[in-house]
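Chains, contacts and geometry: an overview
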Amino acid sequence: MNPALTTELDNAVWQDASLDPETRADALIAAMTLREKTAQLVGVWVGASDEGDEVAPHQHEMEEPPDLDELLPHGLGQLTRPFGTLPVDAAVGALSLARTQQRITAANRFGIPAIAHEECLAGFAAWGATAYPVPLSWGAAFNPELVRAMAAAIGADMRSVGVHQGLAPVLDVVRDARWGRVEETIGEDPYLVGTLATAYVQGLESAGIVATLKHFAGYSASRAGRNLAPVAMGPRERADVILPPFEMAVREGRPRSVMHAYTDTDGIPSAADPELLTGLLRDTWGFDGTVVADYFGIAFLKLLHGVAGSWAEAAGLALAGGVDVELPTVKTFGRPLLDAIEAGSVPEELIDRALRRILVQKAQLGLLDPDWSPVPQALADADLDAPEALRGSVDLDRPENRRLARELAEQAVVLLRNDGTLPLGRPRRIALIGPNADTPTAVLGCYSFPVHVGSQHPEVPVGIELPTLRETLAAEFPDAAIVSALGATVDGDSTEGFAEAIAAARMADVVVLALGDRAGLFGRGTSGEGCDTESLQLPGVQQELLDALLDAGTPVVLVMLAGRPYTLGRAQGEAAAIVQSFFPGEAGTEAIAGVLSGRVNPSGRLPVSVPRHKGVQPSTYLAARLAQDSDVSSTSTSPAYGFGHGLGYTDFEWSALDVTVAETGTDGSFRFAFEVRNTGERPGCEVVQFYLHDPVASVVQSVQRLVGYRRLPLDAGERFRVLVELPADLASFTGRDGRRIVEPGELELRISASSTDHRITVPLRLTGPVREVDHTRRLHPVITVERR
């Protein structure tokens with residue numbers, strides 16, 4: 001390198017950490033060639049080396065891996081999933097990543113490292129890392145504080161080994177439970193999704209990890225619940241159901257990245273929608289981070305959507321829409337984009353706009369600082385020349401992680417039905433039956449590392465402890481004889497195992513029947529990405545096995561380990577108990593065993609409705625009057641168990657309503673209070689839920705919608721006074737002209753134990769003119785709890 005140029009770079013403005021990131025980014029952009037600019041807009045999919053060597057480009061179906069020797073001299077924006085592509089020891093993988101960063105910085109003339117990103121949907125998706133419950137279980141827990149703590153732990157682990165960005169959380173609202181990715185969502189209510197996703201963002205960002213909201217927007221509303229299908233949705237449904245969780249997370253979580261959705265809505269793909277990615281997200285909501293492509297999403301503008309005739313056109317549409325980074329690897333933002341700029345079909349200003357956002361983020365992460373080091377915290381005191389000595393020295397499944405995983409799993413178990421059989425007490429003989437009874441991975445979702453990656457490497461140990469339900473039941477009931485029978489596989493059609501299962505049931509005091517899903521990807525499971533279903537009947541012959549065991553005469557406790565809700569047929573009225581768990585993670589079977597024994601008093605609540613009939617989809621509790629049961633249709637949409645439902649082992653009394661403000665202006669607030677008392681003999685947790693019903697509005701409304709909630713743990717006999725201030729803003733909706741408004745008129749607040757169990761009804765009234773509100777409106781009630 002020219003000595004004069006070396007001096008110039010050594011003293012560059014962009015390296016001055018005392019300046020603001022924007023000034024540093026602008027100085028760097030001015031010094032870059034076009035090729036160096038576009039290099040920062042792409043990622044490369046790699047896998048860390050289990051020998052500590054540099055990462056190697058990952059071979060995948062969509063594209064041949066790039067030549068790093070040709071690419072790196074110009075720089076590199078991101079490294080895709082160095083830990084989440086192959087099983088690799090955490091410490092050795094961190095060394096591999098560090099050496100790769102050294103190569104990247106040495107190769108480009110500015111010495112800029114890459115941002116390393118990973119999946120972290122239910123924990124850091126790396127070998128040996130804690131497998132937490134999936135997001136649908138977060139929804140069942142109704143506990144933002146616990147989700148925030150979990151996310152902070154996940155972020156700390158990622159940061160410790162050199163990762164900068166996490167591709168989570170998912171803010172898609174369930175609209176059709178046949179969709180395979182229901183397990184990745186938080187539930188079917190926008191407020192629940194928004195509050196828990198925001199808590200996750202806050203936790204991840206508190207650890208220094210860039211949180212990525214996905215999938216923006218409408219991915220979960222695809223026709224027939226099919227993955228990557230078109231979305232049939234009007235602007236009001238989008239504004240009032242799909243967008244609020246993202247708006248809340250942007251405002252209150254301050255994420256630094258957003259990922260566009262694969263889908264198109266009314267013919268406009270999200271990846272090429274400037275009104276969505278620029279007008280709404282940035283200009284209205286004030287988001288100032290990076291928008292990253294869902295994997296291959298820019299190429300899909302040509303391959304799947306047909307709105308681009310070439311890779312260059314796809315790149316131009318995405319850049320113009322507001323996408324800044326192409327992931328997972330370079331395709332359209334490489335040579336096709338350079339050719340388009342040189343031909344004048346894509347203005348260089350779009351490159352600079354995206355690049356500025358990327359470089360500002362790199363400055364915020366410290367990656368432009370002259371003293372930046374590729375060696376992560378976990379290797380700060382290690383001998384980097386001895387990879388084998390490092391092996392096993394980094395623990396990504398620490399005791400404090402496992403404690404969080406267990407606590408969240410326990411709070412997420414939902415007791416749907418109980419005729420008094422639970423808790424079990426001290427049974428002498430338990431028949432443990434079903435495909436998920438003795439399967440270690442039955443507690444894991446499709447984005448957990450053992451399922452997502454480990455399943456392709458069966459020769460490699462799982463890397464974490466995954467006790468089966470059989471093992472945890474044996475520990476929970478040491479005096480009981482446990483007899484196991486498979487009965488059937490998850491999705492097979494053979495009934496040959498029924499006879500053995502029935503015989504085991506007839507000899508037992510109680511049957512614990514473990515049914516549900518097997519997580520997988522693209523048809524390799526019954527739940528997960530690309531594992532959509534035509535109906536919500538249990539997979540395979542599981543319903544037939546369930547019916548056969550109900551006929552055997554022994555009380556049946558049905559345990560569901562699943563990624564979505566299923567219709568449960570006769571069990572809804574005949575099972576002794578039904579325990580629902582949504583892929584509860586590595587501590588999941590311990591949590592379930594604790595619920596069965598009574599060691600854990602269940603407090604989970606349904607984040608999605610459990611259907612009564614297998615074919616009535618799409619169907620959620622967020623439905624207008626015309627979607628309710630009626631005499632003019634021969635089908636019923638009423639659920640077997642509604643959103644928010646869940647039982648426990650104690651009883652609660654709700655009383656002493658005191659309404660201090662029942663009438664207020666459209667810019668005011670209502671105020672009221674009530675009491676909740678634990679009238680049982682053991683501690684328990686009630687989840688108080690607030691639903692708003694608007695009987696007359698200028699546009700059709702869902703019959704009710706959640707506007708607030710609070711978990712209330714109470715000792716036996718304990719009583720809490722709950723004081724609530726409910727802003728009129730929470731009654732807002734999108735009117736006929738697309739503006740969000742608060743209308744005067746009568747309202748009804750339902751203080752409830754679930755969407756189908758309203759305990760106290762409060763008539764309310766809004767007065768004054770129609771009031772327009774915007775993204776600065778109040779989003780939450782103020783809830784204060786006083787011990788009495």
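Residues numbered from 1 in each chain as written. Predicted model: local features only at pLDDT ≥ 70, side-chain atom pairs only at ≥ 80, totals over all residues. Heavy atoms only, no water.

1. Digging into the overall build of the protein
- Scanning the protein for helices and strands turns up 23 helices and 30 strands.
- Its C-alpha atoms give the protein a radius of gyration of 27 Å, within 12% of the compact-globule value 28 Å for 788 residues.
- Relative to its 788 residues, the protein shows a buried fraction of 62%.
- Sequence separation of at least 24 residues holds for 79% of the intrachain contacts in the protein that already meet a minimum separation of 6. (Helix = DSSP H or I, 4+ residues; strand = E, 2+ residues; numbered from the N terminus. Rg over C-alpha atoms; globule rule 2.2 N^0.38 Å. Buried < 20%, exposed > 50% of the residue type's maximum accessible area, 1.4 Å probe, protein only. Contact = heavy atoms within 4.5 Å.)

2. What to know about empty space enclosed by the protein
- Evaluated as defined, the whole model comprises 5 cavities of 30 Å³ or more.
- As a volume, the largest cavity reaches approximately 70 Å³.
- Lining the largest cavity are 15 residues, and of these Phe 124, Ala 129, Thr 130, Ala 131 and Phe 449 lie nearest its centre.
- Split by residue class, the lining of the largest cavity holds 11 nonpolar, 4 polar and no charged. (1 Å grid on protein atoms, 1.4 Å probe; cavity = no way out; pocket = protein on both sides within 12 Å on 5 of 7 lines; lining within 4 Å. Points joined across faces, edges and corners; volume = space filled by probe spheres on them. Nonpolar A, V, L, I, M, F, W, Y, C, P; charged D, E, K, R; others polar.)

3. Digging into the sheet that holds strand S22 (residues 684–693)
- Read across the open sheet, the 5 strands follow the order S20-S28-S27-S22-S23; overall the sheet is mixed. Of all strands in the sheet, those with a lone pairing partner are strand S20 (663–665) and strand S23 (705–714), marking the two edges. Averaged over all adjacent pairs, the angle separating strand axes in this sheet is 25°, with direction ignored.
- Sheet topology note: the S22/strand S27 (residues 745–754) ladder contains 5 bridges and is antiparallel. (Pairing = 2+ DSSP bridges. Axes fitted to C-alpha atoms, helices over the stretch in contact; angles between N-to-C directions.)

4. Topic: the state of the cysteines
- Summed over the entire model, instances satisfying the criterion amount to 0 disulfides.
- You can see Cys 446 has no disulfide; the closest cysteine sulfur is in Cys 531, sitting 7.1 Å from it.
- On the basis of relative accessibility, which here comes to 0%, the residue Cys 446 falls in the buried class. (Disulfide = S-S within 2.5 Å.)

5. Points about the sheet that holds strand S30 (residues 782–787)
- A sheet is described by the order of its strands in space; here 4 strands give the open sequence S19-S21-S24-S30, paired in antiparallel fashion. Edge positions in the sheet fall to strand S19 (652–661) and S30, since each has one partner strand and no second. For this sheet the average axis-to-axis angle between neighbouring strands, irrespective of direction, equals 20°.
- Note that strand S24 (residues 719–727) and S30 share 6 bridges and pair antiparallel. Each bridged residue has a counterpart across the sheet, and for Phe 720 the counterpart in S30 is Arg 787.

6. Description of the packing of helix H7 (residues 144–160) against helix H17 (residues 399–412)
- Two elements in contact, H7 and H17, have axes whose closest approach is 10 Å; the angle formed by their N-to-C orientations is 150°. As judged from the angle between their axes, H7 and H17 are roughly antiparallel. Judged by the twist between their axes, the crossing of H7 over H17 is left-handed. Contacts between H7 and H17 involve Leu 146, Ala 149, Met 150, Ala 153 and Asp 157 from the first element and Asn 401, Leu 404, Glu 407, Leu 408 and Gln 411 from the second. (Parallel < 35°, antiparallel > 145°, perpendicular 65-115°, else oblique. Left-handed = near helix turned anticlockwise from the far one by under 90°.)

7. Observations regarding the pattern of salt bridges
- Tallied over the full model, the rule gives 48 salt bridges.
- A salt bridge links Glu 184 to Arg 181; the shortest N-O distance between them is 2.7 Å.
- Two residues, Glu 675 and Arg 788, come together in a salt bridge whose shortest N-O distance is 3.6 Å. Here the residue Glu 675 occupies a position in strand S21 (residues 669–678), and Arg 788 occupies one in the segment after S30, the gap between them amounting to 113 residues.
- Each member of the salt-bridge network shares a partner with another, and the members are Asp 658, Glu 675, Arg 719, Arg 721 and Arg 788. (Salt bridge = Lys/Arg side-chain N within 4 Å of Asp/Glu carboxyl O.)

8. Focus on helix H14 (residues 335–343)
- Where H14 is concerned, the buried positions are Pro 336, Leu 337, Leu 338, Ala 340 and Ile 341.
- Turning to H14, the residues buried within the fold contact helix H3 (34–39), helix H13 (311–321) and helix H15 (348–364).
- Just downstream of H14 lies Gly 344, where phi reads positive at about 85°.

9. Regarding the nonpolar core
- The biggest cluster of nonpolar side chains holds 223 residues, and the ones touching the most others in it are Phe 124, Tyr 200, Phe 216, Ile 433, Leu 513, Leu 549 and Leu 596.
- Of all the elements, helix H8 (residues 190–206) adds the most residues to this core, at 9 residues.
- Counting residues in each nonpolar core, the second largest holds 30 residues, with Ala 731, Ala 753, Ile 760 and Val 773 among its members. (Core = buried A, V, L, I, M, F, W, Y, C linked by side-chain atoms within 4.5 Å.)

10. Regarding the packing of aromatic side chains
- One pass over the structure, following the stated rule, counts 18 aromatic pairs.
- Ring geometry for Trp 654 and Phe 674: centres 6.2 Å apart, planes at 10°, overall stacked. Taken together, the positions of Trp 654 in strand S19 and Phe 674 in strand S21 put the pair 20 residues apart, joining distant regions of the chain.
- Here the aromatic residues Phe 142, Tyr 191, Tyr 621, Phe 643, Tyr 691 and Tyr 709 are joined through ring pairs into a cluster of three or more.
- Across from the ring centre of Tyr 447, 5.8 Å away, lies the NZ or CZ of Lys 214, which sits over that ring.
- For Lys 302, the ring lying beneath its charged end belongs to Trp 311, and the centroid distance is 4.6 Å. (Phe/Tyr/Trp six-rings, centres within 6.5 Å; stacked < 30°, edge-to-face > 60°. Lys NZ or Arg CZ within 6 Å of the ring centre and 35° of its normal.)

11. Comments concerning the packing of H13 against H14
- Running from N to C, H13 and H14 cross one another at 80°; their axes reach a closest spacing of 8 Å. By the criterion of interaxial angle, the relationship of H13 to H14 is roughly perpendicular. Contact residues: H13 offers Trp 311, Ala 312, Ala 315 and Leu 319, while H14 offers Pro 336, Leu 337 and Ala 340.
- Across the contact of H13 with H14, the residue classes break down as 7 nonpolar, no polar and no charged.

12. A look at helix H2 (residues 21–31)
- Arg 24, Ala 25, Leu 28 and Ile 29 are the residues of H2 that are buried. Taken down its axis, H2 places every buried residue within 135° of arc, on the same side.
- One side-chain oxygen at the N-terminal end of H2 lies 3.1 Å from the backbone nitrogen of Glu 22; it belongs to Asp 20. (Arc of directions from axis to C-beta. Polar contact = N/O pair within 3.5 Å; in protein donor to acceptor, adjacent residues only side chain to side chain.)

13. Quick word on unusual backbone geometry
- A cis geometry characterises the amide bond from Ala 168 onward to Pro 169, with omega recorded as 10°.
- Relative to the helices and strands, Pro 169 is located in the loop between strand S5 (165–166) and H8.
- Here the residue pair Leu 327 and Pro 328 is connected by a cis peptide bond, since its omega of 5° sits within 30 degrees of zero.
- Relative to the helices and strands, Pro 328 resides in the loop between H13 and H14.

14. Points about the side chain of Ser 636
- Structurally, Ser 636 is set in the loop between strand S17 (610–611) and strand S18 (639–641).
- Within polar-contact distance, the side chain of Ser 636 engages the side chain of Asp 629 at 2.7 Å.
- A distance of 3.0 Å separates the side chain of Ser 636 from the side chain of Ser 638, its partner in a polar contact.

15. Some remarks on the side chain of Glu 36
- Mapped onto the secondary structure, Glu 36 falls in helix H3.
- Take Glu 36: its relative accessible area is 6%, and that puts it in the buried class.
- A polar atom in the side chain of Glu 36 sits 2.9 Å from the backbone nitrogen of Thr 33.
- Every residue in contact with Glu 36, bar those within four places of it in the chain, is listed here: Ala 31, His 74, Arg 109 and Phe 110.

Function cannot be inferred from these measures alone, as they are strictly geometric.
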